[in-house]
Amino acid sequence: QRVADYSNRMADKIGLSPTEKRNLELAALLHDVGKIGISEYILGKPGKLTDQELFMVKKHPEIGQQILEGIDFLKPAIAAIRHHHERFDGKGYPDGLAGSNIPLPARIISTAETYDFLSSDLSYRKALSRQEVLDEMRNASGSQLDPEIVSTLLETVH
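Here is what the cut-offs are and how they apply
Residues numbered from 1 in each chain as written. Predicted model: local features only at pLDDT ≥ 70, side-chain atom pairs only at ≥ 80, totals over all residues. Heavy atoms only, no water. Helix = DSSP H or I, 4+ residues; strand = E, 2+ residues; numbered from the N terminus. Buried < 20%, exposed > 50% of the residue type's maximum accessible area, 1.4 Å probe, protein only. Contact = heavy atoms within 4.5 Å. Phe/Tyr/Trp six-rings, centres within 6.5 Å; stacked < 30°, edge-to-face > 60°. Lys NZ or Arg CZ within 6 Å of the ring centre and 35° of its normal. Salt bridge = Lys/Arg side-chain N within 4 Å of Asp/Glu carboxyl O.

**A few points about the environment of Y115**
Tracing the backbone through its elements, the reader meets Y115 in helix 7 (residues 104-119). Note on Y115: relative accessible area 9%, which makes it buried. A C-alpha to C-alpha distance of 18 Å links Y115 and D89, two positions 26 residues apart in sequence. The contacts of Y115, once residues within four sequence positions are left out, are Y6, R130, V133, M137, L153 and V157.

In structure tokens form, the structure reads like this:
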């Protein structure tokens, strides 16, 4: 829900159409649905994942696509779900897309998810301070994340 909220705020700032905003919201709400196909043991593991476990976790965008592709009204959201772990520098997964080749909704969700991850308490660590979150977001800008989307997010969550 938080990722969808941050995504909606950015969509308003960017000026997406109502239809684009609705599809983005659906994708943001469902972006990790593919984790249903990943073992609870792996998802809840407190320590470092093995290479095999990491390989399995990295399958969740494709599993999400497979789960949702038969649902007509979700078809416009599927590309964002599949590509929300692509990186702006092309080092992401599952397809190694870079820059503007990554669908805009996926770039928005990736930025929102990163912000949420950094600013939330997790089972293995407390949320980062506001300044640490801002520093990490700026550090990821241009490599992991689209710099324009990061700027938009930072303008909306100040």
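**Overview of the packing of aromatic side chains**
Summed over the entire model, instances satisfying the criterion amount to one aromatic pair. Sitting over the ring of F117, R125 keeps its end group 4.8 Å from the ring centre.

**Quick look at the pattern of salt bridges**
Summed over all chains, the structure comprises 13 salt bridges. Between R9 and D5 there is a salt bridge, and its shortest N-O distance comes to 2.8 Å. On the criterion of helical spacing, the pair formed by R9 and D5 is a turn pair, its members being four residues apart in helix 1 (residues 2-14). On the basis of relative accessibility, which here comes to 33%, the residue R9 falls in the partly exposed class.

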